[in-house]
Amino acid sequence: MVKNRILFFSCLIGSGVVAGIYGGAASHYLFYTFLFLLLLDVFCTIFYVFLRFCIYQQLDTKTMVKEEEVNYIFKLSNEDWIPYTSLTVTFYSKYVTIGEMEPVSEFALLPKEFVSRNTTLCCHCRGEYNVGIDRVVITDLLHMMQFSYRCRSQLKVVVLPRILHLEHLLFAKRNEDDKKQNQIIMNQMQYLDSEVRNYQSGDSMKLVHWKATARRQALSVRKYLDDAKERVILISDFSPIANKENAMFIEDQMIETLLAIIDYYARNHIMTSVMQASSEVEFLDIHSAYDVEEYYKKCCRIRFISEVPIHNLVRLTFAKSSIGTQLVILTEKVTKDLLLTLNQFTRLEHDIIIIAFTDDNIEYDFRGSSNIRIITIHSVDRISDVLDRE
């Protein structure tokens, strides 16, 4: 392309110099011919690129779950009489994979010809972003220049987080067998309150209040008081991500990890509570599969805009409720204030787990405390590879 450009402009300038010095019909004819070809090439390419070139895209759905494959169709069409000898199509590729297509693919279209592909699209990160064709680079007829055509009909999708079903959890208690889980349920029944509520999917049938069910003509279960001895506290840091380049990936990892831990404990009949701050500070109890589903819906809308520092959330948690068997903190920033706050509570005989989502090395001093542990998840790590271990 550079050689073509040098050759053409050398001919144009040379014919202009000859016409200016020596004159004559032939030299002027040659000069104006080159000038006319240049203007025609630029005009036709720009005109057809921005007014006549057609891109069609279609997705089965614009709302999907992370790693879910959906059908994707795109079509490039040349509906006029000028051939496109080189079309370079660039796809969005940071968060998405399109079948077996390369992120940059090249095509050629003759007049009235089109190219169509029916493939699949898979998104690898939670969030809302554009997918499909980003831009098309078209080479002019004389192969001297390229014009970039930004796709005007952008496809924006909403990608929901997925829930990983872990068989094991790296920091879970090793004695959480079926026998103990049954004992936990029995312990919870000892703390039953007098109030009842409607049955929700995932509630134990042992908690059904049969007299209230008969009276209300609706399946009802007893509410039970919080048994702090059989509870895991999760503290989620939803403050803005410092690593702007990988912010969406880190947000996705944190949400996916949080849901995986909650799902694991719910399936093993261990109560969890979540302390978090986004638009407001919330303390949520999760008892059953229904609560997990409701919290999942909340995670689909969560935004990382919290202005409450993680160490303040820890203080609020200790002030609000007694800590259960474990305290799990999910954060990108393991700050000195957080470590100092935790050092104040190391006298408590409970495990404290910090899950740090960072690629940096973490320096910490727990002053000999053996019940505090840090697990680092890097931006390239798979959550299941890190946590799904005994």
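Residues numbered from 1 in each chain as written. Predicted model: local features only at pLDDT ≥ 70, side-chain atom pairs only at ≥ 80, totals over all residues. Heavy atoms only, no water.

Participant: Help me understand the sheet that holds strand 10 (residues 146-150), please; the structure alone is not making it clear to me.
Facilitator: Read from one edge to the other, the open sheet built from four strands follows the order 6-4-9-10, with strand pairing classed as antiparallel. Because the sheet does not close on itself, it has two edges, and the strands there are strand 6 (104-109) and strand 10. Ignoring which end each strand starts from, the neighbouring axes of this sheet average 25° apart. (Pairing = 2+ DSSP bridges. Helix = DSSP H or I, 4+ residues; strand = E, 2+ residues; numbered from the N terminus. Axes fitted to C-alpha atoms, helices over the stretch in contact; angles between N-to-C directions.)

Participant: Would you mind showing me how to read unusual backbone geometry here?
Facilitator: Most peptide bonds adopt trans geometry, and most residues besides glycine take a negative phi value. Residues other than glycine seldom take positive phi values, yet Lys 112 does so here, at roughly 65°. Checked against the element boundaries, Lys 112 lands in the loop between strand 6 and strand 7 (114-123). Overall, the relative accessible area of 49% leaves Lys 112 in the partly exposed class. Despite not being glycine, His 269 shows a phi value in the positive range, around 60°. Examined against the element boundaries, His 269 turns out to sit in the loop between helix 5 (247-267) and strand 15 (271-277). Residue His 269 is classed as partly exposed on the basis of its relative accessible area of 42%. (Buried < 20%, exposed > 50% of the residue type's maximum accessible area, 1.4 Å probe, protein only.)

Participant: Would you mind going over the pattern of salt bridges with me for this structure?
Facilitator: Oppositely charged side chains are able to pair whenever their charged atoms sit close together. Under the criterion given, the structure shown has nine salt bridges. With its nearest N and O atoms 2.6 Å apart, the salt bridge here joins Asp 252 to Lys 66. You can see Asp 252 sitting in helix 5 and its partner Lys 66 sitting in the loop between strand 2 (63-65) and strand 3 (69-77), a full 186 residues away along the chain. For Asp 252, a relative accessible area of 4% gives the class buried. In this structure, Glu 256 engages Lys 66 in a salt bridge whose closest nitrogen and oxygen atoms are separated by 2.8 Å. Residue Glu 256 is found in helix 5, and its partner Lys 66 is found in the loop between strand 2 and strand 3; the two are separated by 190 residues along the sequence. Each of Lys 66, Arg 162, Asp 252 and Glu 256 takes part in a single network of salt bridges with overlapping partners. (Salt bridge = Lys/Arg side-chain N within 4 Å of Asp/Glu carboxyl O.)

Participant: Looking at this model, I keep getting lost on the environment of Thr 257. Mind explaining?
Facilitator: Along the chain, Thr 257 turns up in helix 5. Not counting residues up to four positions away in its chain, the partners in contact with Thr 257 are Leu 330, Ile 355, Phe 357, Ile 377, Ile 383 and Leu 387. (Contact = heavy atoms within 4.5 Å.)

Participant: Explain helix 1 (residues 2-22) to me, please; I cannot follow it from the model alone.
Facilitator: Given 3.6 residues per helical turn, the α-helix brings residues three or four places apart onto the same face. Between the first and last C-alpha of helix 1 there are 30 Å, a value that for 21 residues agrees with the 30 Å anticipated at 1.5 Å per step. Within helix 1, the full set of buried residues consists of Phe 8, Leu 12, Ser 15 and Ala 19. Summarising the axial view, the buried residues of helix 1 lie within an arc of 70°, below the 170-degree limit, and thus occupy one face. Pointing more than 90 degrees away from the buried face of helix 1 are the exposed residues Val 2, Lys 3, Ile 6, Leu 7, Ile 13, Gly 20, Ile 21 and Tyr 22. Gly 23 sits one or two positions beyond helix 1 and adopts a positive phi of about 70°. (Expected span 1.5 Å × (residues − 1). Arc of directions from axis to C-beta.)

Participant: Can you walk me through the environment of Phe 249 in this structure?
Facilitator: Relative to the helices and strands, Phe 249 resides in helix 5. Phe 249 sits in the partly exposed class, given a relative accessible area of 21%. Separated by 123 residues in sequence, Phe 249 and Arg 126 place their C-alpha atoms 7.8 Å apart. Aside from chain neighbours lying at most four places away, what touches Phe 249 is Lys 94, Tyr 95 and Cys 125.

By themselves, these are just geometric observations and shouldn't be taken as functional.
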